[in-house]
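# Results of the structural survey
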Amino acid sequence: MKEAFKFAFPKTVPIFAGYLFLGLSFGILAVSQGLSPSLTIFMSFLVYSGAMQFAAVPLLIGPFDPITHFFLTLIISARHVFYGITMLKPYSQMDWKKYYTIFAMTDETFSLNVALDIPAHIRQDWVFFHISWLNHLYWILGGVLGVVLGAMIPFDTTGIDFVLTALFLSIFVDQWLSTDDHTPAIIGLLSTFAMLLLFGKQHFMIPSMLLIIMTLLAQRPKDQKGGDIQ
Amino acid sequence: MTSQQQWFTAMIIALGTMLTRYIVFIIFPANKKPPIFIEYLGKVLPAAAIALIVVYSYKDVQVWQYPHGLPELIASLAVIALHAWKRNTLLSILIGTVLYMLLVQFIFI
């Protein structure tokens with residue numbers, strides 16, 4: 001457990017920077033738009049999704065329409081289903097910790113956990129769990145700071161959000177250099193890019209995921225085919 | 001909406017987000033063997049999913065307006081080159097982000 005924490009913590013440092021900044025931006029934005037501090041912090045606790053929380057701010061100051069907002073949430077957060085399929089096996093094997101770890105599966109936590117190379121003597125489930133709660137803590141901390149500080153940030157932070165892009169890129173490079181078969185990575189890149197061009201940045205994620213899954217299934221080797229799909 | 005309605009909506013949004021995270025695990029519980037194609041996807045999706053997130057993180061780049069995504073391009077090439085060379089995640093992210101901040105704050109303004 002202690003070893004798992006020692007392994008997990010350094011992995012989360014880039015996310016500390018990214019989440020503190022993004023969480024803080026969310027806190028500043030939400031309060032400046034008239035949401036109460038308690039509601040703002042509640043969302044960082046229990047929604048815990050950057051994209052969704054930013055999208056929620058204009059919804060929460062608009063008219064009351066919970067059913068529309070529920071379905072809008074499902075559409076904006078649909079990519080988590082994709083991550084769920086990817087992590088089905090490793091997370092399902094966990095004990096009680098999986099209930100929290102699945103809840104805390106953000107883009108960033110997923111991208112760390114999916115690409116870990118854990119030494120055999122360290123328990124994988126504890127690493128997943130530690131990475132998950134540490135990132136959640138950073139996110140909440142950022143939100144609280146945003147609420148408390150408001151717009152009094154002492155230096156120009158423009159561009160600091162690139163920290164998450166850099167994190168995703170470095171994970172991508174790691175995966176690329178450590179595998180021989182680059183087909184899934186290329187399919188992922190081309191499908192997503194094509195759907196972004198075709199559907200625009202508001203609506204490309206669901207078509208991208210469908211295209212990736214269909215392309216991967218269509219090109220899978222014969223020995224991977226069961227009689228379960230056709 | 002009123003404060004109560006805001007809290008109710010925030011809870012609905014929290015529940016909707018949770019549903020997207022839990023749904024796969026509810027449909028395929030640990031004691032049930034998932035279909036073969038789901039197992040296959042579990043093997044190939046990690047690389048494809050990271051690629052998806054990479055493209056997703058560039059979705060707000062304005063290619064048709066000044067500075068035409070140049071800061072993103074330069075900083076990204078630096079991250080890729082540095083990471084392929086040193087394989088040190090923290091170093092790649094730190095240098096890449098500082099470079100990007102300098103580019104957008106001082107060079108491409």
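- Under an unreviewed UniProt entry, the name given to chain B is Branched-chain amino acid transporter AzlD, and the organism recorded is Suicoccus acidiformans.

- Chain A goes by Branched-chain amino acid ABC transporter permease in an unreviewed UniProt entry, where it is assigned to Suicoccus acidiformans.
- Taken from UniProt, the Subcellular location (unreviewed entry) comment for chain A reads in full: "Cell membrane".
- What the UniProt record of chain A gives under Sequence similarities (unreviewed entry) is the line "Belongs to the AzlC family."

### Quick look at the overall build of chain B
- Helix and strand counts for chain B stand at 4 helices and 0 strands.
- Counting from the amino terminus, helix and strand elements in chain B follow one another as α-α-α-α.
- The dimensions of chain B, computed from C-alpha atoms along their principal axes, are 55 × 50 × 30 Å.
- Out of the 109 residues belonging to chain B, those deemed buried represent 45%.

### Side note on the packing of helix α9 (residues 162–178) of chain A against helix α3 (residues 70–86) of chain B
- Following both chains from N to C, one finds α9 of chain A and α3 of chain B inclined at 40 degrees, their axes separated by 9 Å at the closest point. With respect to α3 of chain B, the axis of α9 of chain A lies oblique. Crossing angle aside, the handedness with which α9 of chain A passes α3 of chain B is right-handed. Listed contacts from α3 of chain B to F162, A166, L169, S170, V173, D174 and L177 of chain A of α9 of chain A are E72, A75, S76, V79, I80, H83 and A84 of chain B.

### Topic: the UniProt feature "transmembrane region" (unreviewed entry) in chain B
Residues and elements named next belong to chain B.
- The UniProt record annotates "transmembrane region" (unreviewed entry) at residues 6–28, 40–58 and 89–108.
- Counted over residues 40–58, helix gives 95% and strand 0%. Its end C-alpha atoms are 28 Å apart.
- A distance of 26 Å separates the end C-alpha atoms of residues 89–108, which is 95% helix and 0% strand.

### Focus on the interface of chain B and chain A
- Residue-level contacts link 66 residues of chain B with 93 residues of chain A.
- Taking both partners together, chain B and chain A bury about 7200 Å²; carbon and sulfur atoms supply 77% of that area.
- Joining chain B to chain A, the criterion identifies 2 salt bridges.
- Of the charged contacts, one joins D60 of chain B and K201 of chain A as a salt bridge, the two residues approaching to 2.8 Å between their closest N and O atoms.
- Every element with two or more residues in the side of chain B that touches chain A is listed here: α1 (3–27), α2 (36–57), α3 and α4 (89–107) of chain B.
- Element by element, the count of residues in the side of chain B that touches chain A is highest for α2 of chain B, at 21 residues.
- Here the residues of the side of chain B that touches chain A sort into 46 nonpolar, 14 polar and 6 charged.

### Comments concerning the packing of aromatic side chains
- Within this structure, the stated rule accounts for 22 aromatic pairs over all chains.
- Where Y100 of chain A meets F103 of chain A, the ring centres are 6.0 Å apart and the plane angle is 45 degrees; that geometry is what we call tilted. You can see Y100 of chain A and its partner F103 of chain A sitting in helix α6 (residues 97–103), 3 residues apart, about one turn around the helix.
- For the ring pair F204 of chain A and Y56 of chain B, a centre distance of 6.4 Å and an interplane angle of 35 degrees mean the geometry is tilted. Taken together, the residues F204 of chain A in the loop between α10 (183–199) and α11 (205–218) and Y56 of chain B in helix α2 connect one chain to another. As far as burial versus exposure is concerned, F204 of chain A and Y56 of chain B are alike and both buried.
- Ring-pair connections join several aromatic residues into one group, and the members of that group are Y19, Y48, W96, Y100, F103, W126, F129 and W139 of chain A.
- In this arrangement the basic side chain of K97 of chain A is found over the ring face of W126 of chain A, its NZ or CZ atom lying 4.1 Å from the centre.
- K86 of chain B extends its terminal NZ or CZ atom over the ring of W85 of chain B, reaching a point 4.5 Å from the ring centre.

### Topic: unusual backbone geometry
- The linkage connecting Y66 of chain B with the following residue, P67 of chain B, adopts the cis geometry, with an omega of 0 degrees.
- The backbone phi angle of Y48 of chain A is positive, close to 50 degrees, even though this residue is not glycine.
- Mapped onto the elements of the fold, Y48 of chain A is located in the loop between α2 (37–46) and α3 (50–60).
- Of note, R87 of chain B is a non-glycine position whose phi angle comes to about 55 degrees, a positive value.

### Points about helix α5 (residues 79–92) of chain A
All names here are of chain A.
- For α5, built from 14 residues, the straight-helix expectation of 20 Å at 1.5 Å per residue is met to within 8% by its first-to-last C-alpha distance of 19 Å.
- Its axis deflected by about 55 degrees at T86, α5 carries its strongest bend there, up to four residues before the proline P90.
- Of all 14 residues that make up α5, 11 are buried, and the element is covered over most of its length.
- Among the residues making up α5, those that are buried are R79, H80, F82, Y83, G84, I85, T86, M87, L88, Y91 and S92.

Calculation notes
Residues numbered from 1 in each chain as written. Chains lettered and ligands numbered in written order. Predicted model: local features only at pLDDT ≥ 70, side-chain atom pairs only at ≥ 80, totals over all residues. Heavy atoms only, no water. UniProt positions renumbered as here; feature names shortened; annotations may be inferred. Helix = DSSP H or I, 4+ residues; strand = E, 2+ residues; numbered from the N terminus. Buried < 20%, exposed > 50% of the residue type's maximum accessible area, 1.4 Å probe, protein only. Axes fitted to C-alpha atoms, helices over the stretch in contact; angles between N-to-C directions. Parallel < 35°, antiparallel > 145°, perpendicular 65-115°, else oblique. Left-handed = near helix turned anticlockwise from the far one by under 90°. Contact = heavy atoms within 4.5 Å. Buried area = accessible area lost by both parts, 1.4 Å probe. Salt bridge = Lys/Arg side-chain N within 4 Å of Asp/Glu carboxyl O. Nonpolar A, V, L, I, M, F, W, Y, C, P; charged D, E, K, R; others polar. Phe/Tyr/Trp six-rings, centres within 6.5 Å; stacked < 30°, edge-to-face > 60°. Lys NZ or Arg CZ within 6 Å of the ring centre and 35° of its normal. Expected span 1.5 Å × (residues − 1). Bend = angle between axes of the 7 residues up to and from the residue.

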